[in-house]
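Descriptive structure summary
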Amino acid sequence: MTASAQTTATAEREKELLASIPTGLLINGEWRPAASGKTFDIEDPATGKILLSIADAGAEDAAAALDAAAAAQDSWAKTPARERGEILRKAFERVTERAEDFALLMTLEMGKPLAEARGEVTYGAEFLRWFSEEAVRAFGRYSVSPDGKSRLLVTKKPVGPCLLITPWNFPLAMATRKVAPAVAAGCTMVLKSANLTPLTSQLFAEVMQEAGLPAGVLNLIPTSTAGATTGPLIKDARLRKLSFTGSTEVGRRLMADASENVLRTSMELGGNAPFLVFGDADVDAAVTGAMAAKLRNMGEACTAANRFIVHESVAAEFSEKFAAKMRDMTLARGTEPNSKVGPLIDAKSRDKVQDLVDDAVSRGAKALTGGAAEEGPGYFYKPTVLTGVTEDSRILAEEIFGPVAPIITFSSEDDAVRLANNTEYGLVAYVFTKDLNRGLRMGERLETGMLGLNAGVISNAAAPFGGVKQSGLGREGGLEGIEEYLYTQYIGIADPYADQ
């Protein structure tokens, strides 16, 4: 097939896929237009062109979605755990069967290279499989009281209707990471997808229906006015839980709103991940890890390495090798076969990255590679490595969310720990060292919810994902993930031997 014919075939496939995506709101098992009749446009960040227009939910639609979730809660909670698990297993199989559709759709609306989008499908689908197995393991316990005069019965029950708010950067995985444990626990849901990348959630919701999820259990309300649409739901006494992934700034406001009804909350917020390279590290392995930790999702990830803290004895070698790798990355629309780095999500995000780089350079930093946006259509930014970054640079304090790696050096372990912990965030850290004892010390000394030891990517459906400090509260995935959607009930039972 010639290059021209391949381009035409790809364009036709994109057109067919987009034509198959539901464009309405999913409420009580039915796709419907917004009550206002309004729609909003979804843009391809690689070209600036409109991909599709979908229904724009408002407060009235959100209320209808919560009505449906509340009405379905009792029957869904009584559904046997095995049945809930089987629905998740069918959803896992269906997502896997349609992996290419999901991958292409994410590439179109979010911009990530197609190969990386395929990786997200694998990762996102795994939450469906993991929680299909956890559905039947929400165990309680029965015991004799210490004084022997009563019996203690502890059970786990679903918290009830949940509001799930997902971010734009991982359109499938962030939806499955919330929906799957809620389904497993027996909770109904209102899912508010990100307005920049809602199409993947539209397809995912359709797949959940195909897997047999009853009407009203999952309701989907894409919207361009998040606060006005979901704000009234948070104040509604029928809502029992709020799960949010996004910025710390928005998370703080949502927690304040949730306090009015003392909602159960899970918050996965911002990050400022330190990437520590010690003098004894395998530098080539550290560079490989740095590429994975920095360029995943073009750096648009809360787990992305944000600050590279490198021992002065290996800083020059690490910086040069890292810059050479970054320089070789090809910027292109994610559907192009040679694409290694896609666009940032929008112009605002690209401009913020440039501001942070300019600030660092104005304070003495030097760009070994990159340092500027790519000319042409789309919101591309060149992979960048900065050396000579000073501690007062904004780029060390703020979440970059772009393909920029600022490097700062240290001379002692205490100095490295000080630099790493010098942030309000505490989501994840990365440490490269050959000294196992040092690695264990870093686990104890670094103020983070997760640590990658000689690894640049550690996200796994079987592991608890979450942070400390202002990176949030609660955990998603792992054994802990389903607990976020369950509450504990204790029943005290009279001594069965009292009448003997």
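These numbers come from a predicted model, not from an experiment.

Below, the discussion takes up the side chain of Thr-223. Structurally, the position occupied by Thr-223 is in the loop between β9 (218–220) and α8 (226–234). A polar contact is formed between the side chain of Thr-223 and the backbone oxygen of Ala-57, at a distance of 2.7 Å. A distance of 3.0 Å separates a polar atom in the side chain of Thr-223 from the backbone nitrogen of Thr-225. Aside from chain neighbours lying at most four places away, what touches Thr-223 is Phe-40, Asp-56, Ala-57, Lys-192, Asn-195 and Thr-229.

What follows deals with empty space enclosed by the protein. Using the criterion set out here, one finds three cavities of 30 Å³ or more in the structure. One number sums up the size of the largest cavity: a volume of about 90 Å³. Taken together, 14 residues line the largest cavity, and the ones lying closest to its centre are Arg-296, Thr-303, Tyr-430, Gly-456 and Ser-459. Sorting the residues of the lining of the largest cavity by element identifies α10 (283–295) and β18 (428–432) as the ones contributing at least two each. Broken down by class, the residue content of the lining of the largest cavity amounts to 10 nonpolar, three polar and one charged. When its volume is computed, the second largest cavity comes out at roughly 50 Å³. What lines the second largest cavity is a set of 13 residues, among which Pro-274, Thr-423, Tyr-425, Gly-426 and Thr-448 lie closest to the centre. Elements with a minimum of two residues in the lining of the second largest cavity: β12 (273–277), α13 (413–421) and β17 (425–426). Looking at side-chain class alone, the lining of the second largest cavity contains six nonpolar, five polar and two charged residues.

Moving on to a nonpolar patch on the surface. Together, Tyr-142, Ile-491 and Ile-493 line one region of the surface with nonpolar side chains, adding up to about 270 Å² of accessible area. Of note, Ile-493 is situated in strand β22 (residues 486–494). We classify Ile-493 as partly exposed; its relative accessible area is 32%.

Another aspect to go through is the sheet that holds strand β5 (residues 141–144). With respect to topology, three strands assemble into an open sheet ordered β5-β6-β22, the strand pairing being antiparallel. Each edge of the open sheet carries a strand with a single partner, namely β5 and β22. Taken over all neighbouring pairs, the strand axes of this sheet differ in orientation by 20° on average, direction set aside. Relative to strand β6 (residues 150–158), β5 runs antiparallel, the two sharing four bridges. If you follow Tyr-142 over to β6, its bridge partner there is Leu-153.

Looking now at the pattern of salt bridges. Under the definition given, this model contains 35 salt bridges. Where Arg-333 meets Glu-14, a salt bridge forms, and the shortest distance between an N and an O atom there is 3.1 Å. Note that Arg-333 is positioned in the loop between α11 (315–327) and α12 (347–362) and Glu-14 in helix α1 (residues 3–20), a separation of 319 residues in sequence. Here Glu-14 falls in the buried class, since its relative accessible area comes to 11%. Linking Arg-445 and Asp-414 is a salt bridge whose minimum nitrogen-to-oxygen distance equals 2.9 Å. Highlighted residues: Arg-445 in helix α14 (residues 436–445) and Asp-414 in helix α13, separated in sequence by 31 residues. Arg-445 gets classed as partly exposed once you look at its relative accessible area, which sits at 33%.

This paragraph deals with the sheet that holds strand β13 (residues 305–311). Two orientations exist for strands paired in a sheet by backbone hydrogen bonds: parallel and antiparallel. Strand order in the open sheet formed by seven strands is β14-β15-β16-β13-β12-β18-β19, with mixed pairing between adjacent strands. Taken across any chain shown, the strands that pair with only one partner, and hence form the sheet edges, are β14 (366–369) and β19 (450–453). Adjacent strand axes in the sheet meet at a mean angle of 25°, parallel and antiparallel pairs treated alike. Together, β12, β18 and β19 form the strand contacts of α14, whose direction differs from that of β19 by roughly 165°.

It is worth spelling out the packing of aromatic side chains at this point. Going through the model one piece at a time under the given rule, you end up with 10 aromatic pairs. A ring pair is formed by Phe-275 and Phe-308, whose centres lie 5.1 Å apart and whose planes are at 40°; its orientation type is tilted. A residue pair is termed long-range when its members are at least 10 positions apart, and Phe-275 in strand β12 and Phe-308 in strand β13 qualify at 33 residues. For the pair Phe-275 and Phe-308, a shared accessibility class is recorded, and that class is buried. An angle of 35° between the planes, with centres 5.9 Å apart, marks the rings of Phe-275 and Tyr-430 as tilted. Separated by 155 residues along the polypeptide, Phe-275 in strand β12 and Tyr-430 in strand β18 bring together distant segments of the chain.

Packing of α13 against α14 brings their axes to within 11 Å, and their N-to-C directions diverge by 35°. The crossing of α13 and α14 is right-handed. Between α13 and α14, the residues in contact are Glu-413, Asp-414, Val-417 and Asn-421 and Arg-438, Arg-441, Met-442 and Arg-445, respectively. When grouped by side-chain class, the residues that make up the contact of α13 with α14 number two nonpolar, one polar and five charged.

Conventions adopted
- Residues numbered from 1 in each chain as written.
- Predicted model: local features only at pLDDT ≥ 70, side-chain atom pairs only at ≥ 80, totals over all residues.
- Heavy atoms only, no water.
- Helix = DSSP H or I, 4+ residues; strand = E, 2+ residues; numbered from the N terminus.
- Polar contact = N/O pair within 3.5 Å; in protein donor to acceptor, adjacent residues only side chain to side chain.
- Contact = heavy atoms within 4.5 Å.
- 1 Å grid on protein atoms, 1.4 Å probe; cavity = no way out; pocket = protein on both sides within 12 Å on 5 of 7 lines; lining within 4 Å.
- Points joined across faces, edges and corners; volume = space filled by probe spheres on them.
- Nonpolar A, V, L, I, M, F, W, Y, C, P; charged D, E, K, R; others polar.
- Patch = residues over 30% accessible without salt bridge, like charges linked within 9 Å, V, L, I, M, F, W, Y side chains within 5 Å.
- Areas by Shrake-Rupley, 256 points an atom, 1.4 Å probe, with all protein chains shown as cover.
- Salt bridge = Lys/Arg side-chain N within 4 Å of Asp/Glu carboxyl O.
- Buried < 20%, exposed > 50% of the residue type's maximum accessible area, 1.4 Å probe, protein only.
- Pairing = 2+ DSSP bridges.
- Axes fitted to C-alpha atoms, helices over the stretch in contact; angles between N-to-C directions.
- Phe/Tyr/Trp six-rings, centres within 6.5 Å; stacked < 30°, edge-to-face > 60°.
- Left-handed = near helix turned anticlockwise from the far one by under 90°.

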